[in-house]
Amino acid sequence: GAGVSQSPRYKVAKRGQDVALRCDPISGHVSLFWYQQALGQGPEFLTYFQNEAQLDKSGLPSDRFFAERPEGSVSTLKIQRTQQEDSAVYLCASSLVGLSTEAFFGQGTRLTVV
Amino acid sequence: EDKVVQSPLSLVVHEGDTVTLNCSYEVTNFRSLLWYKQEKKAPTFLFMLTSSGIEKKSGRLSSILDKKELFSILNITATQTGDSAIYLCAEGTSGSRLTFGEGTQLTVNP
């Protein structure tokens, strides 16, 4: 595609509900990143994939957060038993050569947990 | 722990003014310093700086890095209302992650 595509753009979840956020990277991009951006803050790193391999998941805040990229293209970030503090914009980025410095960001998914 | 601090956190100017946004960093394994513009939600890439003292320029925007004093500045001359956005500074170190600052919210009034 022309850019990184994320869906849904907005998600409202009741506390305790599970959610799944999708990221469709730029075609051919090897690397994929997930960031969490709370209101008024800069994005914070969650996890990184190179193809289907999750090489760094040290930024995931708890074991309720899980990400996968089974075929090395589309990725899904899953949050189980959502809590109010999970409310944020979740940004996905992809890059061609594995360097985060050349990453292109998607529009993000705004998650609101009520 | 790597840290990026931006100042000011918010800035309001009039069209035509020149602004300077600041970014300081503390890192253990510096590789690059990046600037992004964030309108709505998606950050868009502006500059990547790796060497001290070399100015990067794109139209009315320019940026420079000082690796000795560990800071960078982003200048915008002759500001326009379309420059209103959050400007994010990030440093890229070892591995794959970018560490972002809180951002500077710039508002340009007509």
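To be clear, the structure that these remarks concern was listed above.
Residues numbered from 1 in each chain as written. Chains lettered and ligands numbered in written order. Predicted model: local features only at pLDDT ≥ 70, side-chain atom pairs only at ≥ 80, totals over all residues. Heavy atoms only, no water.

Peer 1: Can you lay out the nonpolar core for me, pointing to particular residues and giving the numbers?
Peer 2: Trp-34, Leu-77, Tyr-90 and Leu-111 of chain A are the most contacted members of the largest nonpolar core, which totals 20 residues. Grouped together as the second largest cluster of nonpolar side chains are 19 residues, Tyr-25, Phe-47, Leu-49 and Leu-65 of chain B included. (Core = buried A, V, L, I, M, F, W, Y, C linked by side-chain atoms within 4.5 Å. Buried < 20%, exposed > 50% of the residue type's maximum accessible area, 1.4 Å probe, protein only.)

Peer 1: Could you give me a rundown of the environment of Lys-41 of chain B, with the residues and numbers involved?
Peer 2: Among the structural elements, Lys-41 of chain B can be located in the loop between strand S4 (32–38) and strand S5 (43–49). Looking at Lys-41 of chain B, the relative accessible area reads 5%, which means it is buried. Taking the C-alpha atoms as reference points, Lys-41 of chain B and Val-13 of chain B, 28 residues apart in sequence, are found 22 Å from one another. Residues contacting Lys-41 of chain B, with those up to four places away along its chain left out, are Arg-9, Tyr-10, Val-89, Leu-91, Gln-107, Gly-108 and Arg-110 of chain A. (Helix = DSSP H or I, 4+ residues; strand = E, 2+ residues; numbered from the N terminus. Contact = heavy atoms within 4.5 Å.)

Peer 1: Could you give me a rundown of unusual backbone geometry, with the residues and numbers involved?
Peer 2: In terms of backbone geometry, most residues other than glycine have negative phi values and most peptide bonds are trans. In the segment running from Ser-7 of chain A into Pro-8 of chain A, the intervening peptide bond is cis, with an omega of -10°. Within the fold, Pro-8 of chain A resides in the loop between strand S1 (5–7) and strand S2 (10–13). With an omega of -10°, the peptide bond running from Ser-7 of chain B to Pro-8 of chain B counts as cis. With respect to the helices and strands, the residue Pro-8 of chain B is situated in the loop between strand S1 (3–7) and strand S2 (10–14). Positive phi outside glycine occurs at Asn-51 of chain A, with the angle close to 55°. Its location among the elements puts Asn-51 of chain A in the loop between strand S5 (44–50) and strand S6 (53–56). With phi around 60°, Leu-70 of chain B is a residue other than glycine that occupies positive phi space. You can call Leu-70 of chain B partly exposed: its relative accessible area is 33%.

Peer 1: So what about the side chain of Asp-86 of chain A? Which residues, and what values?
Peer 2: Structurally, the position occupied by Asp-86 of chain A is in the loop between strand S8 (75–79) and strand S9 (88–95). Among all residues touching Asp-86 of chain A, those that are not within four sequence positions of it are Gln-36, Arg-64, Phe-65, Ile-79, Leu-111 and Val-113 of chain A.

Peer 1: Please provide a residue-by-residue account of the sheet that holds S8 of chain A, values included.
Peer 2: Note on sheets: strands pair through backbone hydrogen bonds, and any given pair is parallel or antiparallel. Residues and elements named next belong to chain A. On the basis of which strands lie adjacent, the open sheet formed by four strands has the order S1-S3-S8-S7 and antiparallel pairing. The two strands at the open ends of the sheet, each matched to only one other strand, are S1 and strand S7 (65–68). The mean inter-strand angle of the sheet, taken between neighbouring strand axes irrespective of direction, is 15°. Pairing between S1 and strand S3 (residues 19–24): three bridges, direction antiparallel. When the sheet's bridge partners are listed, Gln-6 is paired in S3 with Cys-23. (Pairing = 2+ DSSP bridges. Axes fitted to C-alpha atoms, helices over the stretch in contact; angles between N-to-C directions.)

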